[in-house]
Amino acid sequence: MKTFCGRANPTTGALDWVEESEEYDYHQEIARSCYADMLHDKDRNEKYYEGIRAAVSRVKARGERVVVLDIGTGTGLLSMMAVTAGADYCYAIEVFKPMAQAATCIVERNGFSDKIKVINKHSTEVTVGPDGDMQERANILVTELFDTELIGEGALPSYEHAHMHLVQAGCEAVPHRATIYAQLVESDMLWKWSQLQPIEVDGNKLLPPPAVVKCAGAPSVCDIQLSQVPPESFTPLGPICTMFSVDFSKPVSSAAQSYTAQFKAQTSGRAQVVLSWWDIDMDPDGNIVCTMAPSWNYSDPRTYPVSTGYTHIYYVNKTFILDVINRFRPCCTCQAHLVWTRPRFGELNDEQRTESYVNALRSVNSVCLSVSDGSLLPIFAHLLGSKKVFSLENSGMAKQVIEQISVLMGEPYFSTSLLPWHSLFFWYCRTAVAQLLHPNATILPRAATLYIVAVEFQDLWRIRAPCGTCEGFDVSPMDEMIQQSLDYRESWEAEPHPLWEYPCRALTKPQPVLTFDFTQCVPEQPVNSDGTVRGRCHGVALWMEYQLTEDITVSLGLTKPVSEEGACEWNPHRKQGVFFFRSTRETSGNGREDLAYNLTFEPHTGDIKMDFSITEP
């Protein structure tokens, strides 16, 4: 059955009614799941395998029959590890039906059907007894329930219920414990992602409103790949502090609890940011450790394990400190932290970017119309002498503008934009207000160009690469399930990713492929571009570069030319687009293949349809 769904189009601003299959959400969930990412994490897999072998050995040494409970089994990998290590039986719990079906197929294909039972339920619904899902309680508890904040995926309620109803007292647990660490630092770079800074415009200092300065900020943490934050961009004010540990082999409570920790100051400075990460010990002695610590925490970077986890930053100001002392959650009272994302704060505080826009606006001295969300351009234009400035947060308000507009400006930035070309909404707004523009009106930016570059990723390729085998087990049914969902739609589309967090190497020179002329209205006919670039790669990165004036441009992708070694520096304030090839190809770096591309901009939908293929020259 198909149904009509209304979706807001981020590029055109229209409400599009599209016919979708009832399976659309199902396929999208699988396609975007990144299941393969964890299976490609060799360090994680090896540590789990080692921890499971040790746990099985400890139980056998006590003369007990080894029964394993695997909560959130996914592909069944950890259960197959347990049986291979000598477990007598495993109960593998998986609540997501498609994944449970794939796990059943994988278990059967690897010859473990007689020792592994896949149960398609939430673990809190599993029963034990002669007529239950489990015949007996387990004496080993194996889980992979962790998210970027360690226990945010409903881990604690699952552990709590398991200890009460599904496992024996004194059971072994893999992982055995988790420990959260934190470090207090001073960092102008990271602080700019939380607080609006004073801005200089031709001798005028713009100060943020007092309400923003005093605000405690958003209560949520900011998840980033902390390994990509240069150590020279922050100053530790004290040693790394152990916040608390959770022992998963003992009963745990899902009730809210508080922990008190003191940071010891060793250096003078401003307490601005708390960096945080976690480790998990696979065994009671802490000899098998899987860490999420950033790479700069290692004295020898060569010993740093590649992990799939994020680290976090918490922002500190006086109000926040008082909230912590009084055990209240910080809460945004200025609204800015609810409207602007962390990267948006960083973008507004980017001095080089501000200078580009200010220089482009110097010749503006008449009636201006700004079309961007939460932009400071109207204030810049006013300080630079504009006669009158209108600022529209919604193009539907354009009817209220009764004067002819001499300057139409935008960053462009819109809170609904995910992919680089979604900000072409500015172009559609420009078309909508065309009758209000002076015949010789200045459009700023005057044009946008979509660039592409073929890249080899250090880690990001793993989210789309098939696994085949993992630690000696055939997990190809999962690959087939994911590919089927990708083929439904996702494999033909680019994905938004903050590439500054994911190191990559450029294998071709950046190449402009489509240019959008904002001095003209959106055309009626599609705009097409095709060609070839030389290179063999994991995928293609895409981004926009905006031409503000004849000689001033702002790039939302690469911020510096690609080095001879292919090193890339990406804009940290916007996400770039990534088109992954359906079959990941390992890169030799010789660049002996041609990457053929065909991109078409569809004016009526605002979409950019793309096709890439690799061919022998």
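Conventions we followed
Residues numbered from 1 in each chain as written. Predicted model: local features only at pLDDT ≥ 70, side-chain atom pairs only at ≥ 80, totals over all residues. Heavy atoms only, no water. Helix = DSSP H or I, 4+ residues; strand = E, 2+ residues; numbered from the N terminus. Buried < 20%, exposed > 50% of the residue type's maximum accessible area, 1.4 Å probe, protein only. Contact = heavy atoms within 4.5 Å. Areas by Shrake-Rupley, 256 points an atom, 1.4 Å probe, with all protein chains shown as cover. Axes fitted to C-alpha atoms, helices over the stretch in contact; angles between N-to-C directions. Parallel < 35°, antiparallel > 145°, perpendicular 65-115°, else oblique. Left-handed = near helix turned anticlockwise from the far one by under 90°. Nonpolar A, V, L, I, M, F, W, Y, C, P; charged D, E, K, R; others polar. Pairing = 2+ DSSP bridges. Salt bridge = Lys/Arg side-chain N within 4 Å of Asp/Glu carboxyl O. pLDDT = per-residue confidence, 0-100. 1 Å grid on protein atoms, 1.4 Å probe; cavity = no way out; pocket = protein on both sides within 12 Å on 5 of 7 lines; lining within 4 Å. Points joined across faces, edges and corners; volume = space filled by probe spheres on them. Core = buried A, V, L, I, M, F, W, Y, C linked by side-chain atoms within 4.5 Å.

Visitor: Would you mind going over the overall build of the chain with me for this structure?
Guide: A count of helical and extended segments in the chain gives 15 helices and 32 strands. In the chain, which comprises 617 residues, the proportion classed as buried is 52%. A sequence separation of at least 24 residues applies to 76% of the contacts in the chain between residues at least 6 apart. Split by element, the accessible area of the chain, about 28300 Å² in all, is 50% carbon and sulfur.

Visitor: Sorry if this is basic, but what is going on with the side chain of R353 here?
Guide: Here R353 shows up in helix α12 (residues 351-361). For R353, a relative accessible area of 10% puts it in the buried group. Ignoring anything within four residues of it in the chain, the contact list for R353 reads R344, E347, E411 and R574.

Visitor: Can you walk me through the packing of helix α3 (residues 42-61) against helix α4 (residues 77-84) in this structure?
Guide: The description of two helices packed together rests on the angle between their axes and the distance between the axes. For the pair α3 and α4, the least separation of the axes is 9 Å and the interaxial angle reads 40°. One finds that α3 runs oblique with respect to α4. Seen from above, α3 lies across α4 with right-handed handedness. Mapping the contact onto sequence places N45, Y48, Y49, I52 and V56 in α3 and L77, L78, M81, A82 and T84 in α4. The residue inventory of the contact of α3 with α4, partitioned by class, reads 8 nonpolar, 2 polar and no charged.

Visitor: Before we go on, may I ask you to explain the pairing of strand β8 (residues 177-186) in this structure?
Guide: A regular strand carries its side chains on alternate faces of the sheet. β8 sits mainly inside the fold: 8 of its 10 residues count as buried. Summarising the sheet, β8 and strand β13 (residues 241-247) pair through 6 bridges and their orientation is antiparallel. Bridge pairing in β13 links I180 to F244. Across 9 bridges, β8 lies against strand β14 (residues 273-281) in antiparallel orientation. Following the sheet pairing, I180 is matched in β14 by W278.

Visitor: Please explain the pattern of salt bridges as it appears in this structure.
Guide: Think of it this way: side chains of opposite charge can pair up when their charged atoms draw near. For the coordinates displayed, the defined rule picks out 23 salt bridges. Residues R109 and D474 are paired through a salt bridge, measuring 3.8 Å at the closest nitrogen-oxygen approach. Linking R109 in helix α5 (residues 97-109) with D474 in strand β23 (residues 473-474), this pair joins segments that are 365 residues apart in sequence. Overall, R109 belongs to the partly exposed group, its relative accessible area being 42%. Given a relative accessible area of 23%, D474 falls into the partly exposed group. One salt bridge in this structure joins R353 and E411, with 2.1 Å as the shortest N-O distance. Placement of R353 in helix α12 and of E411 in the loop between β19 (405-409) and α14 (425-432) is noted, with a sequence separation of 58 residues between them. Note on E411: relative accessible area 3%, which makes it buried.

Visitor: Is there a simple way to explain the sheet that holds strand β4 (residues 89-93) in this structure?
Guide: Through backbone hydrogen bonds, the strands of a sheet pair up, either in parallel or in antiparallel fashion. With parallel pairing, the 5 strands of this open sheet are ordered in space as β5-β4-β3-β6-β7. The two strands at the open ends of the sheet, each matched to only one other strand, are β5 (116-119) and β7 (167-174). In this sheet, neighbouring strand axes are inclined to one another by 25° on average, regardless of whether the strands run parallel or antiparallel. As paired strands, β4 and β5 are joined by 4 bridges and run parallel to one another.

Visitor: Even after reading the chapter, I still don't get the confidence of the model for the chain, so can you show me in this structure?
Guide: Overall, the prediction assigns the chain a mean pLDDT of 85, with 85% of residues at 70 or greater. In the model of the chain, helix α9 (residues 318-325) stands out as the element of lowest mean pLDDT, 40, in contrast to β4, which has the highest, 98. Counting contacts from residues 318-327, a segment whose pLDDT is below 50, to residues more than four positions away or on other chains yields 13 contacts.

Visitor: Can you walk me through empty space enclosed by the protein in this structure?
Guide: Think of a ball as big as a water molecule: rolled over the atoms, this probe shows where empty space is left. This model, assessed by the stated rule, comprises 2 cavities of 30 Å³ or more. Every residue along the wall of the second largest cavity is listed here: L348, R353, T354, Y357, S375, L376, L377, F380 and E411. Contributing elements (two or more residues each) for the lining of the second largest cavity: α12 and α13 (377-383). Split into classes, the residues belonging to the lining of the second largest cavity amount to 5 nonpolar, 2 polar and 2 charged.

Visitor: Please explain the nonpolar core as it appears in this structure.
Guide: In a soluble, globular protein the nonpolar side chains are often hidden away together inside. In this structure, L69, I280, F457, M478 and W570 are the most contacted members of the largest nonpolar core, which totals 102 residues. In this structure, L384, F518, L548 and F612 belong to the second largest nonpolar core, which totals 73 residues.

Visitor: When you look at the sheet that holds strand β18 (residues 388-392) in this model, what are you seeing that I'm missing?
Guide: With respect to topology, 4 strands assemble into an open sheet ordered β18-β17-β19-β20, the strand pairing being parallel. Each edge of the open sheet is held by one strand with a lone partner, namely β18 and β20 (437-444). If you compare each strand with its neighbour and ignore which way they point, the axes differ by 20° on average. Pairing of strand β17 (residues 367-371) with β19 involves 3 bridges; the strand directions are parallel. Pairing of S370 across the sheet is with M409, part of β19. Sheet strands touched by α14: β17, β19 and β20. Its angle to β20, the strand with the most contacts, is close to 170°.

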